[in-house]
Each structure stands twice: as C-alpha cells, then as structure tokens.
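Coordinate analysis (summary)
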Amino acid sequence: MERPQPDSMPQDLSEALKDATKEVHTQAENAEFMRNFQKGQVTREGFKLVMASLFHVYKALEEEIERNKENPVYTPLYFPEELHRMPALEQDLAFWFGPRWRETVPYTQATRLYVQRLHEVGRREPELLVAHAYTRYLGDLSGGQVLKKIAQKALDLPSSGEGLAFFTFPSIANATKFKQLYRSRMNSLEMTPEVRQKVIEEAKTAFLLNIQLFEELQELLSQKAEDQSPSQTAGLRRRAGSRTQDLTPVETPRGKPQPSVFSQAPLIRWVLTLSFLVATVAMGLYAM
Ligand code: HEM
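A brief report on the enclosed structure follows. As the structure is a prediction and not an experimental result, all values here were calculated from the model.

Before going further, it helps to spend a moment on the nonpolar core. In this structure, Phe47, Tyr58, Leu83 and Tyr182 are the most contacted members of the largest nonpolar core, which totals 70 residues. Apart from residues no more than four positions distant in its own chain, Phe47 is found in contact with Phe37, Val42, Trp96, Ala151, Leu155, Gly163, Leu164 and Phe167.

The subject of this paragraph is the packing of aromatic side chains. Each aromatic ring pair is specified by the distance between its two centres and by the angle formed by the two planes. Tallied over the full model, the rule gives 13 aromatic pairs. Here the aromatic rings of Tyr58 and Phe166 are separated by 5.4 Å at their centres, their planes lie at 70°, and the arrangement is edge-to-face. A residue pair is termed long-range when its members are at least 10 positions apart, and Tyr58 in helix H4 (residues 44–67) and Phe166 in the loop between helix H10 (143–154) and helix H11 (175–188) qualify at 108 residues. Like Tyr58, the residue Phe166 is buried in the burial classification. Between the aromatic rings of Phe178 and Tyr182, the centroid separation amounts to 6.3 Å while the plane-to-plane angle is 35°, which identifies the pairing as tilted. Taken as a pair, Phe178 and Tyr182 lie in helix H11 at a separation of 4 residues, close to a single helical turn. The residue whose ring lies beneath Arg112 is Tyr107, and the NZ or CZ to ring-centre distance is 4.1 Å.

All right, on to the site of the ligand then. Around the ligand, a shell composed of 18 residues is seen, among which Lys18, His25, Gln38, Tyr134 and Arg183 lie nearest. One of the side-chain N or O atoms of His25 is found 2.9 Å from a nitrogen atom in the ligand. Between an oxygen atom of the ligand and a side-chain N or O atom of Tyr134, the distance comes to 2.6 Å. Judged by the fraction of its atoms near the pocket grid, the ligand is located in the largest pocket. Those elements giving two or more residues to the shell around the ligand turn out to be helix H2 (22–29), helix H3 (32–38), helix H9 (129–140), H10 and helix H12 (193–227). Within the shell around the ligand, the residues separate by chemical class into 7 nonpolar, 7 polar and 4 charged.

What counts, and where the lines are drawn
- Residues numbered from 1 in each chain as written.
- Predicted model: local features only at pLDDT ≥ 70, side-chain atom pairs only at ≥ 80, totals over all residues.
- Heavy atoms only, no water.
- Core = buried A, V, L, I, M, F, W, Y, C linked by side-chain atoms within 4.5 Å.
- Buried < 20%, exposed > 50% of the residue type's maximum accessible area, 1.4 Å probe, protein only.
- Contact = heavy atoms within 4.5 Å.
- Phe/Tyr/Trp six-rings, centres within 6.5 Å; stacked < 30°, edge-to-face > 60°.
- Helix = DSSP H or I, 4+ residues; strand = E, 2+ residues; numbered from the N terminus.
- Lys NZ or Arg CZ within 6 Å of the ring centre and 35° of its normal.
- Near = heavy atom within 4 Å.
- Polar contact = N/O pair within 3.5 Å; in protein donor to acceptor, adjacent residues only side chain to side chain.
- 1 Å grid on protein atoms, 1.4 Å probe; cavity = no way out; pocket = protein on both sides within 12 Å on 5 of 7 lines; lining within 4 Å.
- Sits in = over half its atoms within 2 Å of the grid points.
- Nonpolar A, V, L, I, M, F, W, Y, C, P; charged D, E, K, R; others polar.

The quantities given are spatial measurements derived from coordinates; they are silent on function.
Below, the structure written as structure tokens:
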C-alpha cells in the first residue's frame, strides 16, 4: 500500500513502486528456488533452467521495449547499451547449451505465461512496460550481483565470468548511481493517477510472474529428483553418456517436447509393472 503523503504531495513513482512491491519482493527472495540459491545450493541443471527462462523473458521484454522506444511512455527509460541483456544471455546460453542452443533451449509453461504478459503489455498497454522494466533491471542491478558470486562459487565457474555474462553490466560503472538516474527517469514519466495505479499493480504482477516461474522450476527439479533413485540415475547417466542432462518435461522454442531420458522413467516403470501383471495372470491360467 502507498504511504500517505504530507500535504497530499504525490509520492514519486520510484518510491511508490518500492513500497508497493516490498511484500512480493520478500516473497520472491523466499521462494524455495531462491532460498536454495542463496545458500549456494544451486546445481548446473537448475541454473541452466533459470537461464533458459530468463532468455525467453528478456527476449520478449526487449522486443517490446524496442517497439516502444519512441513512445513517450517509455522513452526516458530506454537504455539499451547499459541495460539490455539479450547479447549477454545469448553468450551464456551458448556456453550452457552448446552451439545449437537455439534449438534445444527449454521453454517452460510459467515462462510462456510471463512472455505472453510482456507481449500483451507492449502491444496493448505500453504505459505499463515501465513496471516490467523496473522489476527486472533494477532487480538485476541489486540482488543479481550477489547471485552472480554465489553461482560462480557453487558451480565452480571460471573467474573470467564465462556463463555469467547476464549478471555483468559492462556499460554501468556505478550501479548505485545508475539506479538513481533510472529512478529519476521513472519519476519524470507523465501519467494520470489511474495509469500510475495500474503501473503499481503491474509491478506486483511482474514479481508474481517471477515467483511462479521459480516455483515451477523448483517443482520440475524436485519431480526429477523423485523420479530417480540413485541407482537409476547412475545407470541412465552412463547410458546417456553425458555430463549434465536436461531432465524436464519442457518444450523447445518450437513447441516440440524435448527428448529427456529421465522423463521416460515413469513409462519404464509402467511397462515393467504391466509385464509383471501379464506374467502373473498367464501363470495363473497355466496353473488352472
Ligand atoms: C535471492 C533473491 C533476491 C535477493 C537477495 C535480492 C536482494 C535485493 C537487494 C539487496 C536489493 C537492494 C535494496 C535497496 O537498494 O534498497 C534489491 C532490490 C530490488 N530487487 Fe531484489 N533480491 C532478490 C530477488 C529479486 C527478484 C526475484 C526480483 C524480481 C524479479 C527482485 C527485484 C528487485 C527490485 C525491482 C529491486 C529495486 C527496488 C527499488 O529500489 O525500488 N529481486 N533486491
């Protein structure tokens, strides 16, 4: 809720956004995926999934920003050189998924929902784009820096920053000063009280879309862990002959289910159970 202002002075949009999203920010920090991440409990598999989701999210966000870069509802916040993450994410995905990453990068349901909302906003309500840019870019310039260090250590990555370009902003010398500039640009946007309220609501939605995404990733990771007994995992890994496998029921960008060795485990269990039942019935019939 917004703080009441003395003498009915309107609160700056930047402050209103910070206040209004305090609660959902805490919720985001406490999402299981994020809590584990902060404890250094992040696996290559989990990290690859989150990077893949971020790729789709930023692709949509930055497409919509480009569409609206000359629209006064967004122009003051247009900082492609300093902020845009697509080139960095493309580098990172090539590192994590290999040269054919565009064909294999996972695309989960919650990511699709987020992407859908970004396109809706960019096309139909561009005055709300500020809420999405704020949520992602100011977040990346704040907590994102801590997450980079944690990932580097937990995943044993080279200090050269390979695989972590997303977290680096080479054109921003001082993140604190840049955030101040960004806030003052947000405060310069002209908007009616109705639109301002919608922007605030949209920022909360943006946080919730992120939380939903983390919850889904955590669910996928937990399901996989459940589906695999340690012996199964070792056997399948040997057969797959691979360091890291993508184990999730996710789709490729073209919408085709991604082949996943581990997602076949329940099927194998079914086939075995069915064979056992058939054998039992056959033996029963034979005995009669
Ligand atoms: C482990 C998870 C996270 C940690 C540790 C974290 C930490 C932080 C910290 C320390 C700040 C700076 C606060 C300040 O300068 O007053 C911040 C700001 C921010 N964070 Fe996070 N954060 C996390 C997750 C997220 C997520 C998931 C989002 C949204 C997708 C997000 C969005 C933001 C935004 C928009 C700000 C700027 C607030 C403002 O100054 O208006 N954060 N975060």
